[in-house]
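# Remarks on the overall topology
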Amino acid sequence: MLAPQGGGPSQDELKRVAAHRAVELVRSGMVLGLGTGSTAVHALDRIGALLRTGHLRDVVGIPTSEWAAASAAAAGIPLTDLNTHPVVDLSIDGADEVDPALNLVKGRGGSLLREKMVEGASRRFVVIVDESKLVPRLGASGLAVPVEVIPFGWSLTLRRLRTLFDGVPGFNIKLRTAATNAKASAFDESESKSEPFVTDNKNYIVDLFFEDGIHGDLNLISDEILRITGVIEHGMFLGLASSVIIARKDGVVVVDKAAKQGSEEEADKKRRDGRGEEMRKGKENWKEKKEYVPRKKKERKEKGEETIISTLL
Ligand SMILES: O=C(CO)[C@H](O)[C@H](O)COP(=O)(O)O
């Protein structure tokens, strides 16, 4: 836990505030997606406490990792799985990065595959973060963008991933090791001789690092990564978050994808209306030109130029 800075709330307190706000959305009878990490644990504890006091009833949770399963069980949340409940009412989870379009990087804790499966099956996916997770573009924190790969031939898969980002300035790539701090920086080679980090699915993680974040079409980049044989999943969560709850030192901000899309559609409409107005003006200009052309043509004909043009044609 971080010590409070300048008398304000600590980072862990901010995580707790975001988590508790998200848990206000939980209703009795819901199937929940249970997140992984130091922010999500506050949500698990809170749900457990509300179940114990009887404020919530008949809630079941699908853990996004072995860690989440153990933490949820310790908190007293009954567990289920995606096979029994393929539709999840609400998932609550942390993130490593959030961009302005609410795309995420997840998986620095190594649970990206199960997280993406559970959160992708959710009617609503609420992300809980403190303000340190906000980035102008994915990868811009300079920390890992994880890719889960099968252990068989992992170094070939790593080479193919490296080739994909060949020429990107400040790009680096590393196999995550058991000794690697999950939030590792790109250039720490000290633990390069230790054993690979193994996920809950018995796979490895290759971490991608971008000095200035990922530029370009994220969906296209996602497709290119997933097309490499040996890659199972990556930690970019594109368009999956329904809302992001951001705990800041000066208060909580909730950003809703629907509201954001609404305002973007509004802005788009304004742009289209603007273009419509331009087109209308353009048509008027064009009409003016049309009227203008015959006059010119008439003048040219009178001057004898028209014949020359026709001959040239
Ligand atoms: O994706 C994750 C684990 O795979 C976590 O949600 C992410 O790493 C955020 O963790 P924390 O809340 O501890 O910062």
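Here the structure is a predicted model, which means the values were calculated and not measured.

Here we come to the sheet that holds strand β4 (residues 97–98). Spatially, the three strands line up as an open sheet ordered β4-β5-β11, and their pairing is antiparallel. Each edge of the open sheet is held by one strand with a lone partner, namely β4 and β11 (236–237). Here two bridges tie strand β5 (residues 104–105) to β11, and the two strands are oriented antiparallel to one another. Residue pairing for β11: Val105 is matched across the bridge by Met236.

In terms of nonpolar packing, the biggest core is built from 25 residues, with Val26, Leu32, Ile47, Ile77, Ile92 and Ile128 touching the most fellow members. Excluding anything up to four places from it in sequence, Ile92 contacts Ala22, Val23, Val26, Gly33, Leu34, Gly35, Ala43, Val126 and Ile128. Grouped together as the second largest cluster of nonpolar side chains are 23 residues, Val145, Leu158, Phe171 and Ile214 included.

Before going further, it helps to spend a moment on helix α2 (residues 40–52). Along its 13 residues, α2 runs 19 Å from first to last C-alpha, staying within 8% of the 18 Å computed at 1.5 Å per residue. Within α2 the residues assigned to the buried category are Ala40, His42, Ala43, Leu44, Ile47, Gly48, Leu50 and Leu51. Those residues of α2 hidden inside the fold are in contact with α1 (11–23), β1 (31–34), α3 (66–75), β3 (88–93) and β6 (122–130).

The full count for this structure, using the stated rule, is four aromatic pairs. Ring geometry for Phe165 versus Phe171: centroids 5.0 Å apart, planes at 25°, classification stacked. Residue class for Phe165 comes out buried when judged on its relative accessible area of 6%. Each ring, one from Phe165 and one from Phe210, has its centre 5.1 Å from the other, and the planes form 75°; the classification is edge-to-face. One end of the pair, Phe165, is in the loop between α5 (154–164) and β8 (171–175); the other, Phe210, is in strand β9 (residues 204–210), and 45 residues separate them in sequence. Note on Phe210: relative accessible area 3%, which makes it buried. It is Lys106 that lies over the ring of Phe237; its NZ or CZ is 5.8 Å from the centre. The ring of Phe197 is capped by Arg176, whose NZ or CZ atom sits 5.4 Å from the centre of that ring.

Among the residues of α3, Ala68, Ala69, Ser71, Ala72 and Ala75 are the ones counted as buried. Buried residues along α3 sit in contact with β1, α2 and β2 (60–63). Immediately beyond the C-terminal end of α3, within one or two residues, lies Gly76, with a positive phi of roughly 90°.

One pass over the full model with this rule turns up 10 salt bridges. The partner of Glu233 in a salt bridge is Lys116, with the nearest N and O atoms 2.9 Å apart. One end of the pair, Glu233, is in strand β10 (residues 231–234); the other, Lys116, is in helix α4 (residues 112–120), with 117 residues separating them in the sequence. Lys116 carries the same exposure label as Glu233, and that label is buried.

So, how was this worked out
Residues numbered from 1 in each chain as written. Predicted model: local features only at pLDDT ≥ 70, side-chain atom pairs only at ≥ 80, totals over all residues. Heavy atoms only, no water. Pairing = 2+ DSSP bridges. Helix = DSSP H or I, 4+ residues; strand = E, 2+ residues; numbered from the N terminus. Core = buried A, V, L, I, M, F, W, Y, C linked by side-chain atoms within 4.5 Å. Buried < 20%, exposed > 50% of the residue type's maximum accessible area, 1.4 Å probe, protein only. Contact = heavy atoms within 4.5 Å. Expected span 1.5 Å × (residues − 1). Phe/Tyr/Trp six-rings, centres within 6.5 Å; stacked < 30°, edge-to-face > 60°. Lys NZ or Arg CZ within 6 Å of the ring centre and 35° of its normal. Salt bridge = Lys/Arg side-chain N within 4 Å of Asp/Glu carboxyl O.

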